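Remarks on the overall topology
Listed below, chain by chain, are the residues.
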Amino acid sequence: MYHHVSPKPGLVTCSPENFRAQMQWLAKNGWRTLSTTGFTEALASGRVPQKSVLVTFDDGYLDNWVYAHPVLQEFGQRATIFLITGWIGDGAPRPYSGQPGTPDIPTHKQAMAAAADGKLDTAFLRWSEVEAMRAAGTFDFHSHTHTHARWDRQIVAQAERDAALAEDLAVSRETLAARLGEASPHLCWPQGYFDSNYQRVARDAGFTHLYTTEHGVVRADVDLARIPRLVAKDKPAAWFGRRMGIYGRPLLSALYLGLKSGKKGH
Ligand SMILES: [Zn+2]
């Protein structure tokens, strides 16, 4: 799980150098980056090939186009972006890293302030960039809701809260279908929040694969309503390689995750 790839350090931000080193590590060590379709098919068949990884990004930041897209292109890899569909803008594609006139990238904090100010275009993707990445085969795109709202914090009454979430999901799904020509069954929860009502509303809206921020490795028997992810930190290839080495081996990773969750409890 990534959010930003940017030279401006900040929360949930990986530097372009470290992101490139991590993707290069995957390429050199024989790991295959899956499309969501490939991921879905592997899980449905019950045969998840060794050294398979689904690289995900949340929110849909401009820096994903400027800094992550060229790296994925370089190594022939692919990833997934969960878009806040109401925050994606119009206009021509902006230059990406390696091209003249690369746009200035805001920090995570500045991106949040820009969103609150309605200045989304300075920090988030445009549909033209989404289309270009789709055409290049570097990214596929799915839902991170339309508004990124935390309805559980805004509405107390359960029926009203469910209705607000249902509307948010329906608009997001329709927007993606209208823009990309196909409805997606993949949904990632804003800030990782979900409960059993959220899961039910999502299922009713047509989402079968629900991605969380819960820490864990996906196995063939994963609960599709509760797909865990691992945080990719802003660290060099040596760190990344060690983690992939551990998580790529079922017994070791079970031990390691057990150890980590044990630690968290104290
Ligand atoms: Zn988010």
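What you see is a predicted model, and the numbers here were worked out from it, not measured in a lab. (Residues numbered from 1 in each chain as written. Predicted model: local features only at pLDDT ≥ 70, side-chain atom pairs only at ≥ 80, totals over all residues. Heavy atoms only, no water.)

Time to look at the coordination of the zinc ion. Distances from the zinc ion to its protein donors, Asp 59 (OD), His 144 (NE2) and His 148 (NE2), fall at 2.1 to 2.2 Å. Mapping the donors of the zinc ion onto the primary sequence gives the spacing D-x84-H-x3-H. Here Asp 59, found in strand S5 (residues 56-59), pairs with His 144, found in the loop between strand S7 (139-143) and helix H6 (151-154); they are 85 residues apart in sequence, far enough to count as distant. Given the relative accessible area of 1%, His 144 is considered buried. (Donors = N, O, S within 2.8 Å, 3.2 Å for Na, K, Ca; no water. Helix = DSSP H or I, 4+ residues; strand = E, 2+ residues; numbered from the N terminus. Buried < 20%, exposed > 50% of the residue type's maximum accessible area, 1.4 Å probe, protein only.)

This part covers the packing of aromatic side chains. The geometry of an aromatic ring pair comes down to the distance between the two centres and the angle between the two planes. Under the criterion given, the structure shown has 14 aromatic pairs. When the centroid spacing of 5.2 Å and the interplanar angle of 85° are considered together, the rings of Tyr 193 and Tyr 198 count as edge-to-face. Residue class for Tyr 198 comes out buried when judged on its relative accessible area of 4%. Grouping aromatic residues by their ring pairs yields a cluster made of Tyr 2, Phe 19, Phe 57, Phe 139 and Phe 141. (Phe/Tyr/Trp six-rings, centres within 6.5 Å; stacked < 30°, edge-to-face > 60°.)

This brings us to the state of the cysteines. Going through the model one piece at a time under the given rule, you end up with zero disulfides. Looking at Cys 14, it has no disulfide partner, and the nearest cysteine sulfur is the one in Cys 188, 18 Å off. According to the relative accessible area criterion, Cys 188 is buried, its value standing at 0%. (Disulfide = S-S within 2.5 Å.)

Moving on: the pattern of salt bridges. When charged atoms on two side chains of opposite charge get close, those side chains can pair. Considering all chains together, one arrives at 13 salt bridges under this definition. Where Arg 94 meets Asp 121, a salt bridge forms, and the shortest distance between an N and an O atom there is 3.7 Å. You can see Arg 94 sitting in the loop between strand S6 (79-83) and helix H4 (108-116) and its partner Asp 121 sitting in the loop between H4 and helix H5 (127-136), a full 27 residues away along the chain. We classify Arg 94 as buried; its relative accessible area is 12%. A salt bridge links Arg 126 to Asp 121; the shortest N-O distance between them is 2.8 Å. When salt bridges with common partners are traced through the structure, they connect Arg 94, Asp 121, Arg 126 and Glu 129 into a single cluster. (Salt bridge = Lys/Arg side-chain N within 4 Å of Asp/Glu carboxyl O.)

Counted residue by residue, S7 has five buried out of five residues, so it is predominantly covered. One ladder, built from five bridges, connects S6 with S7; its direction is parallel. Residue Thr 80 lies in a different strand from S7, and its bridge partner there is Asp 140. (Pairing = 2+ DSSP bridges.)

In this section: helix H2 (residues 36-45). Of all the residues in H2, the buried ones are Thr 36, Phe 39, Ala 42 and Leu 43. Take H2 and look down its axis: the buried residues cluster within an arc of 125°, on one side only. Pointing more than 90 degrees away from the buried face of H2 are the exposed residues Glu 41 and Ala 44. Contacts made by the buried residues of H2 are with S6, S7, strand S8 (186-188), strand S9 (209-215) and strand S10 (227-229). One or two positions beyond H2, positive phi appears at Gly 46, with a value near 80°. (Arc of directions from axis to C-beta. Contact = heavy atoms within 4.5 Å.)

If you trace the backbone, Ser 128 turns up in helix H5. Residue class for Ser 128 comes out buried when judged on its relative accessible area of 18%. Within the structure, the side chain of Ser 128 is placed 2.7 Å from the backbone oxygen of Gly 91, a separation counted as a polar contact. Once residues lying within four places of it in the same chain are set aside, the contact partners of Ser 128 are Gly 91, Ala 92 and Pro 93. (Polar contact = N/O pair within 3.5 Å; in protein donor to acceptor, adjacent residues only side chain to side chain.)

Turning our attention to the packing of H5 against helix H7 (residues 158-180). Put simply, H5 and H7 touch, their axes get as near as 11 Å, and they point 65° apart. Pair H5 / H7 crosses with right-handed handedness. Note on element contacts: H7 touches H5 through Thr 175, Leu 176, Arg 179 and Leu 180, opposite Trp 127, Val 130, Glu 131 and Arg 134. Partitioned by chemical class, the residues of the contact of H5 with H7 number four nonpolar, one polar and three charged. (Axes fitted to C-alpha atoms, helices over the stretch in contact; angles between N-to-C directions. Left-handed = near helix turned anticlockwise from the far one by under 90°. Nonpolar A, V, L, I, M, F, W, Y, C, P; charged D, E, K, R; others polar.)

Turning to unusual backbone geometry, a few remarks are in order. Phi at Asp 59 is positive, roughly 95°, even though this residue is not glycine. One non-glycine residue, Gln 191, adopts positive backbone phi at about 55°. Within the element layout of this structure, Gln 191 appears in the loop between S8 and helix H8 (196-204). Take Gln 191: its relative accessible area is 48%, and that puts it in the partly exposed class.

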